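Coordinate analysis (summary)
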Amino acid sequence: MESRNPAFRGNAFGRQTGWRREESLQPGAQPYMYGAPPAAPPAVRPMTLDDVVVRGFLTLATLVVTAALAWALIPVELAVPVLVVSVIASLGVWAFITFGRNAKAPLVIAFAALYGVMVGIISHAYNDVYHGVVFQAVIGTALAFGAMLAVHALRIIRVTPKFARFVIAAGFALIGLMLVNLVVQLFGGEDGIGIRDPSNPLAYVFSVVAILVGCFFLLLDFDSIEQGVRHGAPETFAWYCAFGLVLSLVWIYLELLRFLSYFTGRD
């Protein structure tokens with residue numbers, strides 16, 4: 001069965017491991033060298049669900065630790081500069097992993113650490129203004145993860161190619177609207193286009209849609225993990241899966257943080 005994840009199509013796994021079985025069967029290939037049998041190709045252990053769980057835990061734990069350190073150690077006067085640096089650095093690592101197809105352990109852990117700094121600073125700022133909202137957002141994210149895991153396990157929503165294209169398109173559309181809103185704010189529009197203005201009903205709709213899209217991204221992640229295990233993806237592919245899960249969870253968490261702040265009184 002052809003996978004819906006581009007990483008599982010064709011000979012993607014062969015390209016990652018650097019060896020293909022067909023190459024050892026080419027006509028005219030030298031069967032022996034110096035009278036000894038040819039060396040066996042390097043063994044590549046297929047990915048298991050346990051690999052994803054362990055790497056996902058390590059990645060998420062790194063993010064949580066750096067977020068906690070950023071919350072506790074970065075003074076208010078340095079919060080904005082450090083936030084900008086962490087955002088730019090994490091975007092750079094994200095692009096390298098995503099477009100370079102190079103989700104090795106050091107890169108994924110480095111991304112989680114940088115992303116954690118950003119999450120910690122934002123969380124601290126929200127909690128200072130809306131006391132208790134961070135805890136509520138964490139609980140909400142955990143519940144969303146559990147709910148989507150159940151939805152996937154029970155096949156309530158099936159991840160089809162059409163569904164995957166819809167979710168990805170919706171994600172890009174939301175990011176595009178966020179960028180437009182930011183540009184309008186930078187050029188004098190205090191409330192932007194209204195998608196982040198608590199007094200505008202559009203902000204509530206936007207946040208709900210963003211949370212739902214984040215949950216749908218979790219379904220894509222679960223499907224990628226399932227397809228990877230089923231099709232014998234190499235062990236290293238578990239780092240891609242951990243990377244995707246962390247991205248989806250942080251998306252949901254940040255959107256919940258903002259959405260819950262609409263209903264929480266300022267301190």
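Use the structure listed above.
Residues numbered from 1 in each chain as written. Predicted model: local features only at pLDDT ≥ 70, side-chain atom pairs only at ≥ 80, totals over all residues. Heavy atoms only, no water.

Concerning the packing of aromatic side chains
Applying the stated criterion to the full structure yields 12 aromatic pairs. Aromatic pair Phe259 and Phe263: ring centres 5.2 Å apart, planes at 75°, arrangement edge-to-face. With a relative accessible area of 56%, Phe263 lands in the exposed category. Counting every residue linked through ring pairs, the aromatic cluster contains Tyr204, Phe259, Tyr262 and Phe263. (Phe/Tyr/Trp six-rings, centres within 6.5 Å; stacked < 30°, edge-to-face > 60°. Buried < 20%, exposed > 50% of the residue type's maximum accessible area, 1.4 Å probe, protein only.)

Things to note about the environment of Ser86
Structurally, the position occupied by Ser86 is in helix α3 (residues 76-100). Placed 27 residues apart in sequence, Ser86 and Ala113 show a C-alpha to C-alpha distance of 9.2 Å. Apart from the residues lying within four places of it in its own chain, the contact partners of Ser86 are Leu114, Val117 and Met118. There is a polar contact of 2.8 Å between the side chain of Ser86 and the backbone oxygen of Leu83. (Helix = DSSP H or I, 4+ residues; strand = E, 2+ residues; numbered from the N terminus. Contact = heavy atoms within 4.5 Å. Polar contact = N/O pair within 3.5 Å; in protein donor to acceptor, adjacent residues only side chain to side chain.)

Regarding a nonpolar patch on the surface
A surface patch of nonpolar side chains, amounting to about 640 Å² of accessible area, comprises Ile175, Leu179, Leu182, Val183, Leu186 and Phe187. On the secondary structure map, Leu182 appears in helix α6 (residues 161-186). Among the residues examined, Leu182 registers a relative accessible area of 43% and is labelled partly exposed. (Patch = residues over 30% accessible without salt bridge, like charges linked within 9 Å, V, L, I, M, F, W, Y side chains within 5 Å. Areas by Shrake-Rupley, 256 points an atom, 1.4 Å probe, with all protein chains shown as cover. Salt bridge = Lys/Arg side-chain N within 4 Å of Asp/Glu carboxyl O.)

Some words on helix α7 (residues 201-230)
Here α7 contains 30 residues, and its C-alpha end-to-end distance of 44 Å stays within 8% of the 44 Å for a straight helix at 1.5 Å per residue. At the N-terminal boundary of α7, the capping side chain belongs to Asn200, with an oxygen 2.9 Å from the backbone nitrogen of Leu202. In the stretch just after α7, Gly232 is the one whose phi turns positive, near 75°. (Expected span 1.5 Å × (residues − 1).)

Section: α6
Its 26 residues give α6 an end-to-end C-alpha distance of 38 Å, which sits within 8% of 38 Å, the value for a rise of 1.5 Å per residue. Turning to α6, its buried residues are Phe163, Ala164, Val167, Ala170, Gly171, Leu174 and Asn181. Looking at the buried residues of α6, the elements they touch are α7 and α8 (237-261). At the exit of α6 stands Gly188, carrying a positive phi of roughly 110°.

Concerning the environment of Arg55
Topologically, Arg55 is positioned in helix α2 (residues 49-73). Sequence spacing of Arg55 and Trp239 is 184 residues, and the spatial spacing of their C-alpha atoms is 6.2 Å. Setting aside residues no more than four positions away along its own chain, Arg55 makes contact with Glu235, Ala238, Trp239 and Ala242. Within the local environment of Arg55, its side chain forms a polar contact with the side chain of Glu235, the two groups lying 2.9 Å apart.

Observations regarding the pattern of salt bridges
Counted by the stated rule, this structure contains 7 salt bridges. Here Arg45 and Glu235 are joined by a salt bridge, their closest N and O atoms 2.8 Å apart. In this pair, Arg45 is assigned in the loop between α1 (12-17) and α2 and Glu235 in the loop between α7 and α8, connecting sequence segments 190 residues apart. According to the relative accessible area criterion, Glu235 is partly exposed, its value standing at 26%. Where salt bridges share partners, they join Arg45, Asp51, Arg55 and Glu235 into one cluster.

By themselves, these observations are geometric and do not establish any function.
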